[in-house]
Amino acid sequence: MTADFDQELPREHTGSVKFDARQAVFGTDDVIPMWVADMDFAVPEAISRALMMRASHPVFGYSLFPDSLYEAMIRWFQTRQEWTIERDWILMAPGVVPSLHGAAMAFAGPGEGIIIQPPVYPPFFSSVKKTRRRLIENPLVLENGRYRMDLDHLERCAADARVLFLCSPHNPVGRVWDRNELEAVLAIARRHDLTIVSDDVHCDLVYPGATHTMLAGLATAQDKLVTAVAPSKTFNIAGLGLSALVVPDPTLRHGLKQVFESMHMAQANPFSVAAFEAAYREGGPWLDELLAYLQENYRFACDYLRDHVPQIELIEPQGTYLLWLDCRKLGLADDELKAFFIQRAKVGMNPGSSFGEGGSGFMRMNIGTRRAVLVQALDQIQRAVSALR
Ligand SMILES: Cc1ncc(COP(=O)(O)O)c(C=O)c1O
């Protein structure tokens, strides 16, 4: 079956954060929502079918994670990422962000250091701060339109830290870290006895020309590594809230399990279970079509901005459906930039400043939407920028 990503699917009044929280977030409903990271596309039919099938049995009691769910996940990662996971290594969790909080508590004591690499997804900051661990920032470096890690600085940070939260692929800058970079990170972690929590939630969303490397595929049994994955971004089921942690090391696994159990986090939701399994079991062909559509979206945005809005430079993404727009040439301060896009362009995006150091002057645009919506948003931005001159 061929997916129709151009199908119009109104999401207003469905309790969607992206649509129904616009008034609260932007002060108006009159913006095209291109912010929070979900897509405006219908999920693969296999997922809808699995959910309806589960709903057709009218008892929704306490549930467990069936063997078939683990099997589907293991097969997915073996097939798509050539990564072999053992069933015993997997811990289920209600999401990647709760997993980051749990990992902060399990692997660092209060006041101990956790490294993050800004600009980065805001919960990387809050999961450290809210658990009262110490935030250590290892900012990414932007060079010739491409981000890289500052490995020398990371080495210095590691001397004073217990944990590194790695975002791989990286939200918002769209980097798919290459093998050499990941090997270097692993070597630093080994030298400083650092535990790495690698958030690979965007690992399925990688464009041709780049290849995602699972850090876990490079690690040995001695490495202290936890990998967070989920079908939530890939298949647009983030609202169902279910993810997995892969923890080969028994001591780390025990530590995390204890934190999760202290919060009674082991509960399975029968709908999340049905969707998670169907996604990994049957979602492959849909994902391939999605990636082709998203790639055309980003190519379109890239060409459009180059030809019509040269003041805004697109950092070419290697993965994710999030574009990182360098708006510094507009010459606006962060609060002016935010107001400009809301009030003049009427496009609701995430201000770069909310991703920490290095985000100032940037905006994050979610292109997980119909081409027609993307075209309209870019046209509105183009007109607003022209009027600035
Ligand atoms: C890097 C990254 N991690 C985690 C999440 C959210 O994960 P969850 O909804 O499972 O908490 C997102 C959502 O945008 C993300 O970009």
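Residues numbered from 1 in each chain as written. Predicted model: local features only at pLDDT ≥ 70, side-chain atom pairs only at ≥ 80, totals over all residues. Heavy atoms only, no water.

Draft legend 1. Just the overall build of the protein chain, in detail. The helix and strand inventory of the protein chain stands at 14 helices and 15 strands. Its C-alpha atoms give the protein chain a radius of gyration of 21 Å, near enough to 21 Å, the size a compact globule of 389 residues would have. Each principal axis of the C-alpha atoms in the protein chain carries an extent, and together these give about 60 × 55 × 40 Å. Burial status across the protein chain gives 56% buried among its 389 residues. If you take every contact in the protein chain between residues at least 6 apart in sequence, the share linking residues at least 24 apart comes to 73%. (Helix = DSSP H or I, 4+ residues; strand = E, 2+ residues; numbered from the N terminus. Rg over C-alpha atoms; globule rule 2.2 N^0.38 Å. Buried < 20%, exposed > 50% of the residue type's maximum accessible area, 1.4 Å probe, protein only. Contact = heavy atoms within 4.5 Å.)

Draft legend 2. How the structure looks around the pattern of salt bridges. The full count for this structure, using the stated rule, is 25 salt bridges. If you follow the salt bridges from partner to partner, you end up with R11, K18, D38 and D40 in one network. (Salt bridge = Lys/Arg side-chain N within 4 Å of Asp/Glu carboxyl O.)

Draft legend 3. Seen up close, the site of the ligand. The environment of the ligand is made up of A37, G95, V96, V97, P98, Y121, C167, N171, D199, V201, H202 and K233. Taking N171, its side chain carries an N or O atom lying 2.7 Å from an oxygen atom of the ligand. K233 has a polar side-chain atom sitting 2.8 Å from an oxygen atom of the ligand. Within the complex, the protein chains bury 89% of what would otherwise be the 400 Å² of accessible surface of the ligand. Here the residues of the shell around the ligand sort into seven nonpolar, three polar and two charged. (Near = heavy atom within 4 Å. Polar contact = N/O pair within 3.5 Å; in protein donor to acceptor, adjacent residues only side chain to side chain. Areas by Shrake-Rupley, 256 points an atom, 1.4 Å probe, with all protein chains shown as cover. Nonpolar A, V, L, I, M, F, W, Y, C, P; charged D, E, K, R; others polar.)

Draft legend 4. Up close: helix α8 (residues 179–192). In a regular helix each residue adds 1.5 Å, so 14 residues correspond to 20 Å; α8 covers 20 Å between its end C-alpha atoms and thus fits that length. The complete set of buried residues in α8 reads E181, L182, V185, L186, I188 and A189. Along the long axis of α8, the arc covered by the buried residues comes to 160°, so they all point the same way. Exposed residues pointing more than 90 degrees away from the buried face of α8 are listed as N180 and R191. For α8, the elements touching its buried residues are β6 (146–148), α7 (151–158), β7 (163–167), β8 (195–199) and α9 (215–218). Where α8 terminates, the next one or two residues include D193, which has phi positive at roughly 55°. (Expected span 1.5 Å × (residues − 1). Arc of directions from axis to C-beta.)

Draft legend 5. Broad picture of the sheet that holds strand β3 (residues 113–116). An order of β2-β10-β9-β8-β7-β3-β4 is seen for the seven strands of this open sheet, with the pairing classed as mixed. With partners counted over all chains shown, the strands left at the sheet margins are β2 (90–93) and β4 (134–137), one partner each. Mean inter-strand twist for the sheet, computed between neighbouring axes without regard to direction, equals 25°. As judged from the two bridges shared by β3 and β7, these two strands associate in the parallel manner. (Pairing = 2+ DSSP bridges. Axes fitted to C-alpha atoms, helices over the stretch in contact; angles between N-to-C directions.)

Draft legend 6. Summary view of the domain arrangement of the protein chain. The domains assigned to the protein chain are domain 1 (17–44 + 284–388) and domain 2 (58–282). Listed as interface residues are 35 residues of domain 1 and, on the opposing side, 35 residues of domain 2. Note on domain 1 versus domain 2: buried area summed over both sides is about 2900 Å², and carbon and sulfur give 59% of it. The largest contributions to the domain 1 side of the interface with domain 2 come from Q318, T320 and F355, which together make up 25% of the buried area. Taken together, the connections running from domain 1 to domain 2 amount to one salt bridge. Between R80 and D288 there is a salt bridge; the shortest N-O distance is 2.8 Å. The interface formed by domain 1 and domain 2 contains 15 residue pairs in polar contact (both at pLDDT 80 or more). Broken down by secondary-structure element, the contributors of at least two residues to the side of domain 1 that touches domain 2 are α12 (284–308), β12 (322–326) and β15 (362–366). It is α12 that provides the largest number of residues to the side of domain 1 that touches domain 2, a total of 10 residues. Each residue belonging to the side of domain 1 that touches domain 2 can be placed in one class, and the counts come to 20 nonpolar, nine polar and six charged. (Domains from an automatic or database assignment. Buried area = accessible area lost by both parts, 1.4 Å probe.)

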